[in-house]
Amino acid sequence: QVQLVESGGALVQPGGSLRLSCAASGSIFSIYTMGWYRQAVGEQRELVAYITSGGTTKHVDSVKGRFTISRDNAKNSVHLQMNSLKPEDTAVYYCNADVVRVGSSISENYWGQGTQVTVSS
């Protein structure tokens, strides 16, 4: 089995910064795309950013210039550096990854349990 565990969520003031981390563990052969999604109360889950195994990134318009996704392939981890945080960034942030397990020839999609980010004064 594969597990994704997020960390780094917290209460922060507007204009502040946070760094989210997600570590994948288990029977992992390789990981393709890794990403961050978020879900605010009463809203649908939405993509924030993703990064491919080759390092290509995409950030949605609402976070461009403020958030940066990165990954450490050796540690099967992905990070989200969030700067200039706004109240509208308040949400539960979820890690997502496409993982090929040892002994498998296909990738499967996994989610973490989520970490709360609250931006408020």
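Summarised in this report is the structure supplied together with it. On a predicted model such as this, the values are computed, not experimentally measured, just so you know.

## Remarks on the overall build of the protein
- Looking only at helices and strands, one finds zero helices and 11 strands in the protein.
- The N-to-C order of helical and strand elements in the protein reads β-β-β-β-β-β-β-β-β-β-β.
- Relative to its length of 121 residues, the protein is compact, with a C-alpha radius of gyration of 14 Å against a globular reference of 14 Å.
- When the 121 residues of the protein are sorted by exposure, 39% land in the buried category.
- Restricting the contact set of the protein to residue pairs at least 6 apart, pairs at least 24 apart contribute 57%.

## Points about the sheet that holds strand S8 (residues 77-82)
- Pairing within the open sheet is antiparallel, and its four strands lie in the order S1-S3-S8-S7. Two strands lie at the open edges of the sheet, namely strand S1 (2-7) and strand S7 (67-72), each paired on one side alone. Each strand of the sheet is rotated relative to its neighbour by a mean of 15 degrees, with strand direction disregarded.
- Where strand S3 (residues 18-26) lies against S8, six bridges are found, and the strand directions are antiparallel. Note that in S8 the partner of Ala23 across the bridge is Ser77.

What counts, and at which threshold
Residues numbered from 1 in each chain as written. Predicted model: local features only at pLDDT ≥ 70, side-chain atom pairs only at ≥ 80, totals over all residues. Heavy atoms only, no water. Helix = DSSP H or I, 4+ residues; strand = E, 2+ residues; numbered from the N terminus. Rg over C-alpha atoms; globule rule 2.2 N^0.38 Å. Buried < 20%, exposed > 50% of the residue type's maximum accessible area, 1.4 Å probe, protein only. Contact = heavy atoms within 4.5 Å. Pairing = 2+ DSSP bridges. Axes fitted to C-alpha atoms, helices over the stretch in contact; angles between N-to-C directions.

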